[in-house]
Structures are given as C-alpha cells and as structure tokens.
Amino acid sequence: MQYISRALLRDQALTAIREAILGGDLAPGVPIKDVELAERLGLSRTPVREALARLADEGLVESKPHSYTRVTPLDTAAVRDAHVVVQAMHALAARLAVPRVAEADLAAMRAANTAFARAMATGDVPAALAADDEFHAVAVRRAGNFAVAATIERHTPLVRRLERLRFAAPTGRHSVAMHDEIVTAFAAADADLAARLVERNWATLADLLRAEEN
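Just so we're clear, the structure is a prediction, and the values are computed from it rather than from any experiment.

Visitor: Help me understand the packing of helix α5 (residues 103-122) against helix α6 (residues 125-143) in this model?
Guide: Describing two packed helices takes the angle between their axes plus the distance from one axis to the other. Axis separation between α5 and α6 bottoms out at 7 Å; the angle between their running directions is 165 degrees. The angle between α5 and α6 falls in the class roughly antiparallel. In the packing of α5 onto α6, the handedness of the crossing is left-handed. For the pair α5 and α6, the contacting residues are Asp105, Ala108, Met109, Ala112, Asn113, Ala115, Phe116, Ala119 and Met120 in the first and Ala127, Ala128, Ala131, Asp132, Glu134, Phe135, Val138 and Arg142 in the second.

Okay, structure coming up:
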C-alpha cells in the first residue's frame, strides 16, 4: 500500500508540473527547485523528484548535476523529431481503428469536434487542446495497439507547447473542417484515406514549427 500511495503522489506531481510547463506557468528556461515545487503542491520532495525525472525523459525538463534543473528551452530539432513520430503513430492508429470503428465512436468524434469548434471560437486554448485530444484518442483507443498508444503518450508532451501556439492562432480553426473529413473517412470505412487525412491534420504543426525557426 505504501508503494501504491507513493506512485499516486508521483503521478499527481507529474500531472501538475507538466501542466504548469505546457500552460506557460513554468516558462522555458525557468529554474526549478524541488523544495519550492513540493511546498507549492503540498507534497514531499520524493514524488516531486520522481516526477521531474520523468519529465526529463519526456524532454520538458533538463538537469545538470550539482548545478541546475530547469524547464527545457524550446528545442525545435527535438520537437521536430517528436512531431514526426506522433504524426506517424496517429496515422497508423487511424488505419488500425477504421475496421473496428462503431457508430458510438463516430458520435464521440463528432461530439469532440463540436467542443473543439466551440473552444476555438471563444479562444479557449486549454479546452481546444482537451477536445482535440479526445477527438484523436477515439482512434487510438479503437486501434487497440499498446505500442502505438505508448509511443504517442511518450512523445506528445514535447509537441504540446507547439500545439498551444497553433490553437492560439486563427489558422488553428482549419482543424475543424479537417476533423469533419476524418470522420467522413471513418464512416466510409476508408482506412487509407483516414490515415492520410490524420497525417495531413498533424502536418499543420510542421508548418508552425518552420515559422518558429524563421
């Protein structure tokens, strides 16, 4: 029971710190002190240190022994590498999911896109991200492939800051129509088309990344 409790505390710290980084509360380059974070979260230092180690694996935190721990500056090369993997895995998830999709799945995708459109119209970036996540998660769940899901979970955090920039811009609204096309391909049981459309949807992040580099 002690191990489970510790794991839960670590996950609590992980979620809170990750959201602070992705939401901009902990900006790129900002130093991180585990003591201050532990006090802020009302936790001991151990789960905070374990969470920071996990975030280092995700590329959101970097440390130099006996020197510093800080939020990783936006590394466009690392983000580009992670984006390519996330894009490919989502396309594969769509291809695997199409033969298994049910009407309830299509309804869930449509509902998520409606929520996404509403969030984009009101400028609610966190809600837009949540709705976009739910839209794509339908295919990931229905694909039923552990390796695909784990790979997406592993590399998405590094891409998330870029997604926030996309959904904060007017061009992010184009994803509403793209999502509609994806649902249509799913409903038509066209796995190849669904995979291509999902890949194209994620490709919009590459355009934004190039703009950040220039």
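That covers the picture; the talk isn't over yet.
Visitor: Can you help me understand the environment of Ala53 in this one?
Guide: When you line up the elements, Ala53 lands in helix α3 (residues 45-58). The sequence separation of Ala53 and Ala130 amounts to 77 residues, and the corresponding C-alpha distance is 25 Å.

Visitor: Explanation requested: the pairing of strand β2 (residues 68-71) in the structure shown.
Guide: As a general feature of sheets, a regular strand has side chains that alternate between the two faces. Here four bridges tie strand β1 (residues 61-64) to β2, and the two strands are oriented antiparallel to one another. Paired with Lys64 across the bridge in β2 is Tyr68. Turn length for the β1-β2 hairpin, with the two strands adjacent in sequence and antiparallel, is three residues, and the turn residue His66 shows positive phi of about 60 degrees.

Visitor: Looking at this model, I keep getting lost on the nonpolar core. Mind explaining?
Guide: For soluble globular proteins, the rule of thumb is that nonpolar side chains tend to be buried together. With 49 residues, the main nonpolar core has Ile17, Ile21, Val48, Leu52, Leu55 and Phe186 as its most contacted residues. With sequence-adjacent residues up to four places away left out, Leu55 is seen in contact with Leu14, Ile17, Arg18, Ile21, Leu60 and Val61. Core analysis: the second largest hydrophobic core is formed by nine residues, Phe116, Ala119, Ala128 and Leu129 among them.

Visitor: Mind showing me how you'd approach the side chain of His179 here?
Guide: Within the secondary structure, His179 is located in helix α8 (residues 174-187). Separated by 3.5 Å, the side chains of His179 and Asn201 make a polar contact. Discounting residues that sit within four places of it in the chain, His179 has contacts with Asn113, Phe116, Asp132, Phe135, His136 and Asn201.

Visitor: I would appreciate a short explanation of helix α4 (residues 76-97) in the present structure.
Guide: In an α-helix, one full turn covers 3.6 residues, which means residues spaced three or four apart are oriented alike. Over its 22 residues, α4 runs 31 Å from end to end, which matches the ideal 32 Å to within 8%, given 1.5 Å per residue. Three or more residues of α4 are buried, namely Val79, Ala82, His83, Val86, Gln87, His90, Ala91, Ala93, Ala94 and Ala97. Down the axis, α4 shows its buried residues gathered within 165 degrees of arc, on one side only.

Calculation rules
Residues numbered from 1 in each chain as written. Predicted model: local features only at pLDDT ≥ 70, side-chain atom pairs only at ≥ 80, totals over all residues. Heavy atoms only, no water. Axes fitted to C-alpha atoms, helices over the stretch in contact; angles between N-to-C directions. Helix = DSSP H or I, 4+ residues; strand = E, 2+ residues; numbered from the N terminus. Parallel < 35°, antiparallel > 145°, perpendicular 65-115°, else oblique. Left-handed = near helix turned anticlockwise from the far one by under 90°. Contact = heavy atoms within 4.5 Å. Pairing = 2+ DSSP bridges. Core = buried A, V, L, I, M, F, W, Y, C linked by side-chain atoms within 4.5 Å. Buried < 20%, exposed > 50% of the residue type's maximum accessible area, 1.4 Å probe, protein only. Polar contact = N/O pair within 3.5 Å; in protein donor to acceptor, adjacent residues only side chain to side chain. Expected span 1.5 Å × (residues − 1). Arc of directions from axis to C-beta.

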